[in-house]
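Residues per chain, in single letters:
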Amino acid sequence: MASRPVQKETSSRPHFLQFNNLACETAGGKVIFATDEWFAPARNLLKRDPPEFIASAFTEYGKWMDGWETRRKRIAGHDWCIIQLGVPGIIHGFDVDTSFFTGNYAPYTSIQAACLDQMPSFTLEGDRTGMAASPSQFEAVAQLNTDSWEELVPMIKLNPGYSESCHNYLNVTYPHRVTHIRLNIYPDGGIARLKVYGIGKTDWSTVSSQDLVDLVALVNGGVCVGYSDAHFGHPRNMIGLGRADNMGDGWETARRLDRPKVLKVNEKGILQVRGCEWAILRLGHPGIISKIEVDTNHFKGNFPDSCKIEACSLTPDEENNFIHNQWRSDKPPKWRILLSPQKLKAHHRHLFSGESVVQCGPVTHVRLVIAPDGGVSRLRLWGRPVSNYLTHPQQISKLLRQRSIAGQIVSAWWRKILLESCAIKSGLLCSYNAPAI
Ligand SMILES: NC(=O)NC(NC(N)=O)C(=O)[O-]
């Protein structure tokens, strides 16, 4: 097993927390194996809601705990479980949260990862409190050869689940796509939640230039890279799977305190306020957006009055600089309007296509601006992926200079992009390798 350096994050808010939780149950994460689930089942690790403690709750197996808790081992070995990520991708960090596990927390952990071409067919269903893995489950999991998986986090000591220390943040640098995680605890004990922060990775070479794809979807590698406010819900929720389950599964800001004490609307019915809130998202792949959905599902007394969407093209270096300056630098990105201000309705799926969507050409980032505040449950941006070379003029001129060297292939490719008005099948020249932020 190769050991790689891991940094235990000491700052209270490590940078990777802005990424998506690829293992969350709402992203399709599943526990497919656990050695022991006596006190509490491993699937609790993947719950979206924060852990709870109910002093009076007991089951026939012991104290009810909101997490994964194994029994005190009286046999050789240690406990472990395997998690199938809902969205395979690149991992940037973990939060091993031991909330409320104090005299029974797992004192040590290590984390391994694998990218399995063939997804294992087994999984754990139902309430498994009081259960241990059966011999046939051990036999099935042995085929995955988990002992040789890549070690992302070597064995480290965990902090117990008191409120000031329960988050064990672990930074990782591992540039390969991961589909499965093995969480080891030594020798036994409990963990409330495991969050696997990263960015989804799609194989864009399989996406046809004829298909409209949701370029910002979590599953397609979309990620939130900045926002003005996330008081009740993080903007990354807007790119999750399906429609939102409830208000907690959307982006919701606090009420702005700079609103006039008595509100007025203009002749178009738009509220007269100066302030707004915004969220910036990087697309999973540069593309030309032609259809937009803004869903205010569940936001009934707190939907935004209006919204607009802007777009721009940024290189990874430019993005890094803007993030570093919290998107407030003297020279802001050159945002172009993609969707002009639109009045929004409560609890409603707003669809915009045709002339309502302004043709901006290929873009890499969007900014959703809501006025004055409120909640949006989903944002979908359908479009065609295009080469990132098309989004940056300097890269096009570099490409032209390379034409003579690369000969036939580039020349054919260049002709194709000129003739087919930019919408091309991704592949040869279009990997958009945005760096970790
Ligand atoms: N009071 C406890 O939590 N005891 C045990 N755990 C549960 N969940 O009952 C234990 O010591 O592992």
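Residues numbered from 1 in each chain as written. Predicted model: local features only at pLDDT ≥ 70, side-chain atom pairs only at ≥ 80, totals over all residues. Heavy atoms only, no water.

### Here's the deal with the overall build of the chain
(1) Moving on: Within the chain one finds four helices and 25 strands.
(2) Moving on: Taking all contacts inside the chain whose residues are at least 6 apart in sequence as the whole, residues at least 24 apart take part in 83%.
(3) Moving on: With an accessible surface of roughly 20,600 Å², the chain has 51% of that area assigned to carbon and sulfur atoms. (Helix = DSSP H or I, 4+ residues; strand = E, 2+ residues; numbered from the N terminus. Contact = heavy atoms within 4.5 Å. Areas by Shrake-Rupley, 256 points an atom, 1.4 Å probe, with all protein chains shown as cover.)

### Observations regarding the layout of surface pockets
(1) Moving on: There is about 1,300 Å³ of room inside the largest pocket.
(2) Moving on: Lining the largest pocket are 48 residues, with Arg13, Leu17, Tyr197, His234 and Arg236 positioned closest to its centre.
(3) Moving on: Residue contributions to the lining of the largest pocket peak at four residues, all from strand E17 (residues 223-227).
(4) Moving on: For the lining of the largest pocket, the per-class residue count stands at 19 nonpolar, 15 polar and 14 charged. (1 Å grid on protein atoms, 1.4 Å probe; cavity = no way out; pocket = protein on both sides within 12 Å on 5 of 7 lines; lining within 4 Å. Points joined across faces, edges and corners; volume = space filled by probe spheres on them. Nonpolar A, V, L, I, M, F, W, Y, C, P; charged D, E, K, R; others polar.)

### Describing unusual backbone geometry
(1) Moving on: The residue after Tyr186, namely Pro187, is reached through a cis peptide bond having omega -15 degrees.
(2) Moving on: Of the consecutive residues Ala371 and Pro372, the connecting peptide bond is found in the cis state with omega at -10 degrees.
(3) Moving on: When you line up the elements, Pro372 lands in the loop between strand E23 (363-371) and strand E24 (375-376).
(4) Moving on: Positive phi, normally seen in glycine, also occurs at His298, with a value near 80 degrees.
(5) Moving on: Here His298 lies in the loop between strand E19 (277-295) and strand E20 (306-312).
(6) Moving on: A residue is classified by how much of its surface remains accessible, and His298, at 23% relative accessible area, is partly exposed.
(7) Moving on: If you check the backbone angles, His347 has positive phi at about 50 degrees while not being a glycine.
(8) Moving on: Residue position: His347 is located in the loop between strand E21 (336-343) and strand E22 (349-352).
(9) Moving on: Overall, the relative accessible area of 36% leaves His347 in the partly exposed class. (Buried < 20%, exposed > 50% of the residue type's maximum accessible area, 1.4 Å probe, protein only.)

### Section: the site of the ligand
(1) Moving on: Around the ligand, the neighbouring residues are Phe39, Gly62, Lys63, Met65, Glu69, Arg72 and Asn104.
(2) Moving on: Within the backbone of Lys63, an N or O atom sits 2.8 Å from an oxygen atom of the ligand.
(3) Moving on: A distance of 3.3 Å is found between an oxygen atom of the ligand and a side-chain nitrogen or oxygen belonging to Asn104.
(4) Moving on: Coverage of the ligand by the protein amounts to 72% of the 310 Å² it exposes when considered alone.
(5) Moving on: For the shell around the ligand, the class distribution of residues is two nonpolar, two polar and three charged. (Near = heavy atom within 4 Å. Polar contact = N/O pair within 3.5 Å; in protein donor to acceptor, adjacent residues only side chain to side chain.)

### Considerations on the state of the cysteines
(1) Moving on: Inspection of the entire model under this criterion finds zero disulfides.
(2) Moving on: Cys81 takes part in no disulfide bond, and the closest cysteine sulfur to it belongs to Cys24, at a distance of 15 Å.
(3) Moving on: We classify Cys81 as buried; its relative accessible area is 0%.
(4) Moving on: Cysteine Cys307 is unpaired, with the sulfur of Cys276 as its nearest cysteine sulfur at 12 Å. (Disulfide = S-S within 2.5 Å.)

### Quick notes on the side chain of Thr109
(1) Moving on: Following the sequence through the fold, Thr109 ends up in strand E9 (residues 108-114).
(2) Moving on: The class of Thr109 is buried, set by a relative accessible area of 0%.
(3) Moving on: Apart from residues no more than four positions distant in its own chain, Thr109 is found in contact with Pro154, Met155, Ile156, Leu158, Leu183, Asn184, Ile185 and Tyr186.

### Description of helix H2 (residues 316-324)
(1) Moving on: Every buried residue of H2 is listed here: Glu319, Phe322 and Ile323. In a view along the axis of H2, the buried residues occupy a sector of 100 degrees, so they form one face of it. Set apart from the buried face of H2 by more than 90 degrees, the exposed residues are Asp317 and His324.
(2) Moving on: Against E17, E19 and E23 lie the buried residues of H2.
(3) Moving on: Following H2 by one or two positions, Gln326 has its phi on the positive side, about 55 degrees. (Arc of directions from axis to C-beta.)

### Describing the environment of Phe101
(1) Moving on: With respect to the helices and strands, Phe101 occurs in the loop between strand E8 (79-97) and E9.
(2) Moving on: With 59 residues separating them along the chain, Phe101 and Pro160 place their C-alpha atoms 6.3 Å apart.
(3) Moving on: Here Phe101 is in contact with Met65, Asp66, Gly67, Trp68, Glu69, Pro160, Gly161, Gly190, Ile191 and Ala192, once residues within four sequence places are set aside.

### Let's talk about the pairing of strand E13 (residues 178-186)
(1) Moving on: For E13, the tally of buried residues reaches nine of nine residues, placing the bulk of the element in the interior.
(2) Moving on: In the sheet, E8 pairs with E13 via seven bridges, with the strands oriented antiparallel. Within E13, the residue paired with Gln84 across the bridge is His180.
(3) Moving on: Across seven bridges, E9 lies against E13 in antiparallel orientation. Bridging across to E13, Ile111 finds its partner in Leu183. (Pairing = 2+ DSSP bridges.)

### Some details on the UniProt feature "domain: Allantoicase" (unreviewed entry) in the chain
(1) Moving on: UniProt marks residues 28-198 and 221-385 with the feature "domain: Allantoicase" (unreviewed entry), using the numbering shown here.
(2) Moving on: Secondary structure content for residues 28-198 is 5% helix and 42% strand, while the C-alpha to C-alpha distance between its ends is 15 Å.
(3) Moving on: Secondary structure across residues 221-385 divides into 5% helix and 39% strand, with the first and last C-alpha atoms of the span separated by 12 Å. (UniProt positions renumbered as here; feature names shortened; annotations may be inferred.)

### A word on the pattern of salt bridges
Opposite charge on two side chains permits pairing when their charged atoms draw close.
(1) Moving on: Overall, the coordinates contain 20 salt bridges when judged by the stated rule.
(2) Moving on: In this structure, the salt-bridge partner of Asp66 is Lys47, at a minimum N-O distance of 2.8 Å. Taken as a pair, Asp66 in the loop between strand E6 (62-63) and strand E7 (68-69) and Lys47 in the loop between strand E4 (36-37) and strand E5 (58-59) lie far apart in primary sequence, 19 residues in all.
(3) Moving on: Residue classification places Asp66 among the buried residues on the basis of a relative accessible area of 4%.
(4) Moving on: On the basis of relative accessible area, Lys47 is assigned to the partly exposed category, the value being 25%. (Salt bridge = Lys/Arg side-chain N within 4 Å of Asp/Glu carboxyl O.)

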